[in-house]
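One letter stands for each residue in the lines below.
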Amino acid sequence: MTSNLDQQLKAKRVSSRKRQRDGMRSYFTPNKKKHNCSPVTAEHRLQVDNQETAQEQQHALMADNQHNEYYSDEEDLFGDYDSIACDSSFLAKLEDVEQNFKQCCSTPSRDAEKDGTTNKGHTSAQYSDVNRLIYPETDFTALKQTEKSNDAKRPCHTEINGHHFSSALMEDMFEDLPSSQLAFQQDNCKAASDLRTSEPAVLEYMGSAKSTTFVPSVIDNVQNSSDLEGKSEQRTVNPAFQKRMSFTEQLKKTLVGNAMVQMPQVSRTKAQKDAAVSEEISVAMQTMESSSVPDLGPFFGLPSKVKELIYKLRGIKDLYDWQKTCLTLDSVQQRKNLIYSLPTSGGKTLVAEILIFRELLCRKKDALLILPYISLVQEKIRGLASFGLELDFLVEEYAGSKGRFPPVKRRVKRSLYIATIEKAHILVNSLIETNRLDNVGLIVVDELHMLGDGSRGAILEMTLAKVLYMSKTTQIIGMSATLSNVQDLQKFLQADNYTSDFRPVQLKEYVKLQDVLYEIDPKEEECFRLSRHLKVEYSSNMQKMDPDHLIALVTEVIPVNSCLLFCPTKKNCENVAEMICKYLKKVFLQHREKEKVNLLNELKSVGNGTMCPVLKRTVPYGVAYHHSGLTSDERKLIEEAYSAGTLCLLTCTSTLAAGINLPARRVILRSAYVATDFLKRSQYKQMVGRAGRAGIDLSGESILILQERDKQLAKELVCKPTENCYSNLLHDNGKGMLCLMLSLIGLSITRTLGEIRDFLSCTLFSVQEEQICREKCLWDIVKDSLDFLTQKGLVKTAAGKEEDALLEVTMLGRATFKGSIDLTNCDVLYRDLSRGLEGLMLNSFLHLIYLVTPYEMVTQCKPDWMIYFRQFTQLTAAEQKMSTAIGVPESFIARKASGQSVKKAADSVAVNRLYLAFVLLSLLKETDLWTVADRFRLTRGFVQNLLSSSSAFCSCVLHFTEELEEFWSYKALLAELTKRLTYCVNAELIPLMEVAGVLEARAKQLYGAGYKTLAHLANADPMLLVQSIENLSKRQAHQIVASSKMLLTEKAEALQEEVDELLTLPHDLPSLSLGAI
Ligand SMILES: Nc1ncnc2c1ncn2[C@@H]1O[C@H](COP(=O)(O)OP(=O)(O)OP(=O)(O)O)[C@@H](O)[C@H]1O
Ligand SMILES: [Mg+2]
C-alpha cells in the first residue's frame, strides 16, 4: 500500500507543477487541420437595402472601429524547493495523504446528493466531492448546518477501514521524515495522546472540524513544541478559528514547531543538513504564505457584508449552484489558474467578482480585470465603485487615455485595476519593469476567446505569457461562453477547467425559411424540426417591403416584451427600423408615451439641439437603431431606455452582442451574414445568447432568417462546435511576435535568443505550433524576427555566439515598446516628430494634432476633395505653410478637387492624415460633434471614434517622446493635448467628465445644477441629484456619487503617498551612514 502511495505521490508531484518551461513541447497536440475560418462570401439579396447608396460603402469603410480602439505561474508552489526528504516532496505527500483521506471520507450518500442537486454531468469529473469537505457550504447558511451535523460525520474521521486514521496518517507521514523531525514527531505524538485523554471536549470539537479531521495531533505538536521550549502557554482553542483552519496553516504551525525544537548535539554534517532542511522549510512556508487565502468570514471566505452588498447593489440573493461549486473548487482553493466556460447569461461575472474581492480583502493583493471594450470597462467601474467604497479598496480605470504607468504605489489600500486588453498589456509591462508584478495577486480575463481575435488576441497572449513567465504567485482566471479548444488554452495557462451548460433562462433557437419556423435540434438528422407556420396577413405592398416578415415576427413580442433585431450593416439597421415603424399600428405610439417624449428631449439635448431624423421618426414607436455611427451619449441613452422598457425594439449590428448586457425576450437575426461574410459560430452564439432575461423571462428565443440557398451553411452554423481559438502572434505578418520580442528584450525579461526561445515555450503559440506554423519552425521565425528588429534599428546584438549573444534595445526600440507604438509605424513617427522639431508651428493646434492623428485611422476614411479644399482655404497662412511643409501643398488639393490629374503624387498617408487632422481641429475649435460630422460628411460616431483614438494615440506618443532625449520639448505639449483631446469639451466640464460614465451632456446638466467639481459630486446627496437633474434615475445617481467618491479617494491617496514619500528619510542618507561609522 505504501509503495503504491509513493508512486501516486511521485506522479502527483510531477503533474502539480504549474509551469514547466521545459515540458511545454510535450503538450503539442496532433497536427490537426486548422479550421477553415476564411470568410464565405455570397451574393445575398437584402430587399430593404435597395435604396442604400454609395455613401453606405463609404460608411462601411469607416466600419465599426471597435476593433481598432476598444478604448478601447505559476510554477510549482515550491519552486526549486525539492523536498524535505530528498527523493520527493514531503509537503506534497502530506497534501496527498490529506486528499486520500478526504476521498475516503466522501460517503456515497453525499455523491448521490450532489448528483441530484447540480447539473448532471456538466461539471468536470476532476472536481470530486472532496471540495465539500473543505467548503461544504452549499448555501450561505450552511456553516451552521455543518456544525449541527458534526456528530453524524465524526465516525468517518476517526476510523477508516477499521484503522484509527490519525495513527495511519502519522505512520505515512513519518516514513519519509528526517531523523530530527522523526524524533520530534514521536515525542509530540506521545504528548498529544496524553493531551487527548485529558481534553475530551476540545477533541470532540476538533474531530468535527471540516478540513481538520486528522489534524489534532499536528496542532498538538505545535502546542507541545512551545512547551518543549519552556514557553508553556495556556492551551486555548478558539473554535471559530480552528474550524476554518486549513491543513496548510496547521502544517505551517507544525513546521514552525519543528524548526523550534531543541536538537541534541549532532555531527557537523548533520547540522549542515538540518540547516539546509530548515532553509527549505522557510522557503516552503513563505510560498505557502503567499498562496493560501486567509479566511475572513462565512461567505466564501469573505465577510457577510459582501453577501449583503451583492444583494443590495445587484439584487442577487443567492448564488446559482454552479457558482457555489465553482467558488469551492480545489483549483480555486489552491489558487491554481482556472478557465471556466458557461453559456451566455450564465452568471460568470459574479464568480469572478467574488474571487477578486477575496484577493483584495483576504490576501491583500491587487487584482486586474481585463475586459474587451472601453464601454465595458466604464460600466464595470461604475458597478464596482460602491463595492470599493464599502469594502475599502480602490477601483482604477485603465481605458482609452486613462491610467497611470506604473500605477501609483498604494501602501494602505489595495487596488482593482479594470483595463482594456491594450491597457492591461502596458500595465503589466510597467509592473514588470518596476518589479511589482507580484503585487497583483489575481488577473481575471473576461471573454478569454478574444485570444483568437487578431492583433488584440496577440496582445492578450503576450500579457498572459509574461505573467506566467514572470510571476510565481499571480493567479490567472479566464472565462468565456464560446470556447471549443479549451485544452489548448489550458495548456497555455497551465490551468484547470470548469464547464457547465447552466443557463438560468432556457434558450430556444429557431430558423425561419419563408413563412415556416423550424426549431433547431442538433440531435436530429436534418437539424431543423418543424415548429409552426407564421401567421402573416400582409398586403402586397407590405409583402414587397418586408419579404422576411420582420414586422410579423417583432409584433408577436413588442411592445410588452423586448426584441433585438440584428442587421448585417449599419445602414440596414436604420432602414429596417424605419420600415417597421411605417407599418406599426398607431396603438404603439401610446405605449409609454411620456417616457418616449423625455427620451426624445434628451436625444435632442445631447445633440445640442439637433436630432437624428431616423430616431425622431422611430422612437415614438418604441423603436431605435444602435450601431457605432451613434455618439456615445446617444448610445447610452438608447441603451438605458431599452433596459427600462421605454424602447422595445432595437435594430442593431453584431457589435451590440459583444458589448453591454442588453437581454431580450426575442432575438432576430435578419440575415446569416455580417456585411458580406457568413456568420461565424461564435458570433451567432453571442447574438442569440442575448435572448432570455434572467428573472424576467421563463425562456428566450432566437430566430435566424434564412434564404433557401444558405440552408446547408446554416445547418453547419447552428450545429457545429464553436470555432477554435488560435494564437495570433503571427497575425498581420507576425507583428505580435515582433512586438513581443522587442518588449521581452526591452524589459530584460529575456536577453538572448536562447532565452527568447524558452519564453516562447510558455505561449499559446507554442502549444499550437504544429497547427499554425507549417512553413517555418519556431526557431526560424524567432531568428527572422530578430533580423527585422535589428534592421529597423530597434534592437542591437552585442558580441557573442548566435544563441547566447546579448541583445539589447536601442533608444528607439525602448521608446517604441514603452509607447506601444505599432512597429511598422515607429520609424515614420520618429521621422515625423523629428521633422516637426525643425519648424513646429505652435500658434495653432493643427501641427500637433497632425502628429498624433493615428496612422491606422488613415485607411478608414477617404477625403472628400471639395471639402478638403474648402477647409484648406480657411486655414491661416501659418497653417497652410505647415501643410505644405509636411508634403500636402495647396496645388495638390486644388487639382484633386477640380478633378484634374496630379503630376507629382503626394504621400497618401500624409494627405489622409492631414484631412483627419482638419476634422480634429474643427472639433477642438467647436466641440460640437454634429456640426463637424456634418461639415465633413462623416457619421458622428466615426468622428467621435476618431477623437477617442487620437487621444489614446496622443498619450502613446507622449510615452514615446519621454524616452527620447531629443524630443524633450514635446512632453509638456503632448500632456496638455492628451487632456484636451480626451475631454474635448469646455474646460470647466473636464473634472466632471473624469468620472466614469459621465458624458458631455450629463456633465453639462450637472454643471448647470451647481455640481462644478469632483468634490461637489462626491459629496452630493443622490436623492437631491435625482430631483435636480432631469431624467436621472436613482440607480444612476448612486453610481455617479459612488464613482466620484472613488475617484476623489484615489486622487487624494495618490497625493498622500507622494507626501509620505517626500517626507521619508532616505535609507542611504550619507550623514546617517557616517554616524553609524
Ligand atoms: N446568482 C444569481 N442570481 C440571479 N441573477 C444572477 C445571478 N448571477 C448572475 N445573475 C444575473 O444574470 C445576468 C447575466 O450574468 P452575467 O452577465 O454574469 O452573464 P455571463 O455569464 O457573463 O454572460 P455573457 O457570456 O453573455 O457575458 C446578470 O444580470 C446578473 O446580474
Ligand atoms: Mg460576461
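One can find the structure itself at the top, above this paragraph.
Engineer: Help me understand the nonpolar core in this model?
Structural biologist: Side chains of a nonpolar character, in soluble globular proteins, are inclined to be buried together. Judged by nonpolar contacts, the single largest core of 204 residues is most densely connected at L368 and I580. When residues of this core are assigned to their parent elements, the largest contribution, twelve residues, is made by helix α44 (residues 908-926). With sequence-adjacent residues up to four places away left out, I580 is seen in contact with L550, I551, V554, L565 and L649.

Engineer: Where do I start with the site of ligand 1 in this structure?
Structural biologist: The environment of ligand 1 is formed by 16 residues, the closest being D318, Q323, S345, K348 and T349. Contact between ligand 1 and Q323: a nitrogen atom at 2.9 Å from a side-chain N or O atom of the residue. For ligand 1, an oxygen atom lies 3.1 Å from a polar atom in the backbone of G346. In isolation ligand 1 has 640 Å² of accessible area, and contact with the protein removes 78% of it. The residue inventory of the shell around ligand 1, partitioned by class, reads five nonpolar, seven polar and four charged.

Engineer: Mind showing me how you'd approach the sheet that holds strand β15 (residues 649-652) here?
Structural biologist: Think of a sheet as strands paired side by side through backbone hydrogen bonds, with each pair either parallel or antiparallel. If you walk across this open sheet you meet the eight strands as β12-β11-β10-β19-β16-β13-β15-β14, and the pairing is mixed. The two strands at the open ends of the sheet, each matched to only one other strand, are β12 (528-533) and β14 (623-626). For this sheet the average axis-to-axis angle between neighbouring strands, irrespective of direction, equals 25°. Alignment of strand β13 (residues 563-566) against strand β16 (residues 666-669), held across four bridges, turns out to be parallel. When the bridges of β16 are listed, L565 appears paired with I668. Together, β13, β14 and β15 form the strand contacts of helix α29 (residues 632-644), whose direction differs from that of β14 by roughly 135°.

Engineer: Got a minute to help me understand the sheet that holds strand β5 (residues 394-398) in this structure?
Structural biologist: If you trace the seven strands from one edge of the open sheet to the other, you get β5-β6-β4-β7-β8-β3-β9, paired in parallel fashion. Either end of the sheet is taken by a strand with one partner, and the two such strands are β5 and β9 (495-499). Across the sheet, the mean angle from the axis of one strand to that of its neighbour is 15°, orientation sign disregarded. With five bridges joining them, strand β4 (residues 366-371) and strand β6 (residues 415-420) adopt parallel strand pairing. The residue bridging L368 from the neighbouring strand is Y417, located in β6.

Engineer: I'm lost on the pairing of strand β7 (residues 440-445) in this one. Help?
Structural biologist: Look at any regular strand and the pattern is simple: side chains alternate between the two faces of the sheet. Where burial is concerned, most of β7 is hidden: six out of the six residues are buried. Sheet analysis places β4 next to β7, joined by five bridges and oriented parallel. Paired with D366 across the strands is V440, a residue of β7. In terms of strand pairing, β7 meets strand β8 (residues 475-480) through four bridges, oriented parallel. Counterpart to I443 in the pairing with β8 is I476. One crossover worth recording links β7 to the parallel β8 by way of helix α21 (residues 454-470), and it is right-handed.

About the thresholds
Residues numbered from 1 in each chain as written. Chains lettered and ligands numbered in written order. Predicted model: local features only at pLDDT ≥ 70, side-chain atom pairs only at ≥ 80, totals over all residues. Heavy atoms only, no water. Core = buried A, V, L, I, M, F, W, Y, C linked by side-chain atoms within 4.5 Å. Buried < 20%, exposed > 50% of the residue type's maximum accessible area, 1.4 Å probe, protein only. Helix = DSSP H or I, 4+ residues; strand = E, 2+ residues; numbered from the N terminus. Contact = heavy atoms within 4.5 Å. Near = heavy atom within 4 Å. Polar contact = N/O pair within 3.5 Å; in protein donor to acceptor, adjacent residues only side chain to side chain. Areas by Shrake-Rupley, 256 points an atom, 1.4 Å probe, with all protein chains shown as cover. Nonpolar A, V, L, I, M, F, W, Y, C, P; charged D, E, K, R; others polar. Pairing = 2+ DSSP bridges. Axes fitted to C-alpha atoms, helices over the stretch in contact; angles between N-to-C directions. Right-handed = clockwise from strand over helix to strand, strands pointing away.

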